[in-house]
Amino acid sequence: MIKNKILNNSGLKYYKILRFYGGRKIPFVLLLSAVASLAEGIGFIVVIAVLNHLLGFGIQSDGMDLSNIAKLMIFLTTKLSIEGIIILAVFVFFFKASIVYLLQSTLANLRGDLLMSLRSSSINALVKMKYDHFLDLGSGHLSNLFGEQISRSLHAFKSLASAFICLTASVAFLSSSLFVSPIFGLAAIFCGAIIWVSFSKLTKNIKNSSINLAQKNTDLASNVIQLVRTFKYLKSTLQLNSVGSSIKSTAMNLTKSQKKIGNQQAIFISLREPILISFVFIVVYILVKILSASPEIILVSAILFYKGLGQLMAFQTAWMVSMETAGSLEFSESSIKEMEKYSDISDENNFSLFNTFGYDLSGVSFKTPNNQIQILDNINMKIKAGTSLAIIGPSGSGKSTLLDILMGIRFPSSGTIDILNVNNKKISTNYILGNVGYLPQEPIIFNDTVFNNLNMSLGLTTEAKENKNFESIKKICSELGVIEQIKKLPQGFDTILKETGSNLSGGQKQRLAFVRELARESSTVLILDEPTSALDSLSEEFMIKYLKSLKGYKTVIMVSHKIESLDWVDEIVMLEAGEIKFQGKYDNLYRS
């Protein structure tokens, strides 16, 4: 979807992208570039005046429209001494040097600002994005965006900024050429236009290849992530080689695209200097043989022409280089806008209740956004605040989707959901987010210490016992029978857990994830997906005992296939093919 938008928007204005992220610094950089180039042009004229003063060229108009340069030369040689002209020349070039320093310093700051702006914008868009759209994008797309494309976008910015600077410098030098001679200046502009048109198709091909390259990077990232996630299965079934071969094939196609772009750039880079020298000789020949220009005019014209056309070709080169990574800049820009388009409720609307709440679902149905498959159909149920509900049913009956809706990360296709406080009065649905504790079937474990996992203080380097929440978390661990297992770990609460908790058993991960949700004061509703599936009987007994103690304090909603262990819940709902087939007490379940 994003790829198509990029391809269809071939007239994307890169300057606007730079202006958006770089702000007012972008036109300031271009202004500095123009001033530096004009200063250099004036400097060359002053140098010619020095040579004229020393060698005595003998300035005259020669019938050409050269009065401007002639007047300037005459003014410098008659009004200033040779020492004064030399001092002026040195001053002009030092002035240019100070402008160049300011230009490069501003560019360095701009690159840092752009990288930070892209990262901040993409992270902000991601954390506010709707869950349905997150599923549509996929982990490969997001991994490619944050890993590869934003970094390549920085290279695109550097090349684009260089291209615009070269273009500005070229305009400045060619303007100086017009000052020397309108005929000569127009000839220089005409030569530049020929070069631009000649290589425009090549530039377009490089841009299209770059856009395809960005998409192929997404495919590669997606395949690699899939390999990592399924490594255990593929290893145990001897399918790693076949999957690995497929990924290598994708990588080879990516390499071919990169080589193609490099070869296309090599064509222009190899021809740049011969073309430039050829045009310089043509102009000098015209000035000498046809227009009979004076030596100082030929010298100034040749220098300005060489610099102006050279900057124009440098612009063409920088533009081609930028096209190699322009696809990444467009990919990043389009991805961020796409995520922002599907933004969810803003954070400022999410705040803690510190009092539990319930739900009243009326005629709730859900269809998948893309293929419109009916997942839930006409769900009517009321969950009172502070009570417990178990949802049962076969695989594919809609249990997980119903949990997603109750958590507030997916929304019904039709029907209404009212959020009820302890007095059964309606409150805003915005209260859901941030006030729900969630224990998924596959517990989430972060690559951090045990305590930081439990306290969600990821990245903190202080010892667990120094944290203000340590005692309360320790108490919950004791009540759930987890404390002894934590003590057996090498550094106890300060033990670093590996990514996905690979150094823990399934039961240990489930118990730690459960403690984390209980430790969150704001989680006044607990939603649990198969919370006891990986637990032994003793650990399961501890968890159920604790869940019973939450009655009236937290609303507990859980999915379970262990029907025999649900005799303690207030109500059971059985789903089948997206519809409620039973709703009532445990004792009535088998009677029905």
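Residues numbered from 1 in each chain as written. Predicted model: local features only at pLDDT ≥ 70, side-chain atom pairs only at ≥ 80, totals over all residues. Heavy atoms only, no water.

Undergrad: What am I meant to see in the overall build of the protein here?
TA: Broken down by element type, the protein carries 18 helices and 10 strands. Relative to its 592 residues, the protein shows a buried fraction of 47%. If you take every contact in the protein between residues at least 6 apart in sequence, the share linking residues at least 24 apart comes to 78%. Summed over its atoms, the accessible surface of the protein is roughly 29,200 Å², and 57% of this surface lies on carbon and sulfur atoms. (Helix = DSSP H or I, 4+ residues; strand = E, 2+ residues; numbered from the N terminus. Buried < 20%, exposed > 50% of the residue type's maximum accessible area, 1.4 Å probe, protein only. Contact = heavy atoms within 4.5 Å. Areas by Shrake-Rupley, 256 points an atom, 1.4 Å probe, with all protein chains shown as cover.)

Undergrad: Explanation requested: the nonpolar core in the structure shown.
TA: Soluble globular proteins: nonpolar side chains tend toward being buried together. Of all hydrophobic cores here, the largest spans 63 residues; its most connected members are Tyr14, Leu160, Phe305, Leu309 and Trp319. Elements that contribute at least two residues to this core include exactly helix 2 (14-22), helix 3 (25-55), helix 5 (82-127), helix 7 (139-180), helix 8 (182-229), helix 10 (240-290) and helix 11 (295-341). A total of 14 residues in this core trace back to one element, the largest contributor, which is helix 11. Not counting residues up to four positions away in its chain, the partners in contact with Leu309 are Ala188, Cys191, Gly192, Ile195, Leu276 and Phe279. Counting residues in hydrophobic clusters, the runner-up holds 41 residues, among them Cys477, Ile483, Leu504 and Leu589. (Core = buried A, V, L, I, M, F, W, Y, C linked by side-chain atoms within 4.5 Å.)

Undergrad: Just checking my understanding: could you explain the environment of Cys191 for this structure?
TA: By the secondary structure assignment, Cys191 is in helix 8. Linking Cys191 and Leu276, residues 85 residues apart in sequence, is a C-alpha distance of 9.4 Å. Not counting the four nearest positions on each side in its chain, Cys191 is found in contact with Phe279, Phe305 and Leu309.

Undergrad: Sorry, what's going on with the packing of helix 14 (residues 470-479) against helix 16 (residues 506-519) here?
TA: How two helices pack is summed up by the angle between their axes together with the distance between the axes. Interaxial distance between helix 14 and helix 16 falls to 10 Å at its minimum, and their mutual angle equals 130°. Classified by the angle their axes make, helix 14 and helix 16 are oblique. As for the relative orientation of helix 14 and helix 16, their crossing is right-handed in sense. Residues Ile473, Ile476 and Cys477 of helix 14 pack against Val515, Leu518 and Ala519 of helix 16. The class makeup of the residues in the contact of helix 14 with helix 16 is 6 nonpolar, no polar and no charged. (Axes fitted to C-alpha atoms, helices over the stretch in contact; angles between N-to-C directions. Parallel < 35°, antiparallel > 145°, perpendicular 65-115°, else oblique. Left-handed = near helix turned anticlockwise from the far one by under 90°. Nonpolar A, V, L, I, M, F, W, Y, C, P; charged D, E, K, R; others polar.)

Undergrad: Just to check I follow, could you spell out the pattern of salt bridges for this structure?
TA: Two side chains with opposite charge may pair up if their charged atoms get near one another. A complete count under the given rule lists 8 salt bridges for this structure. Note that Lys551 and Asp570 form a salt bridge whose closest N and O atoms lie 2.8 Å from each other. Of this pair, Lys551 sits in the loop between helix 17 (537-549) and strand 8 (555-559) while Asp570 sits in the loop between strand 8 and strand 9 (571-576), and the two are 19 residues apart along the sequence. Judged by relative accessible area, Lys551 falls into the exposed class, the value being 56%. Residue Asp570 is classed as buried on the basis of its relative accessible area of 18%. (Salt bridge = Lys/Arg side-chain N within 4 Å of Asp/Glu carboxyl O.)

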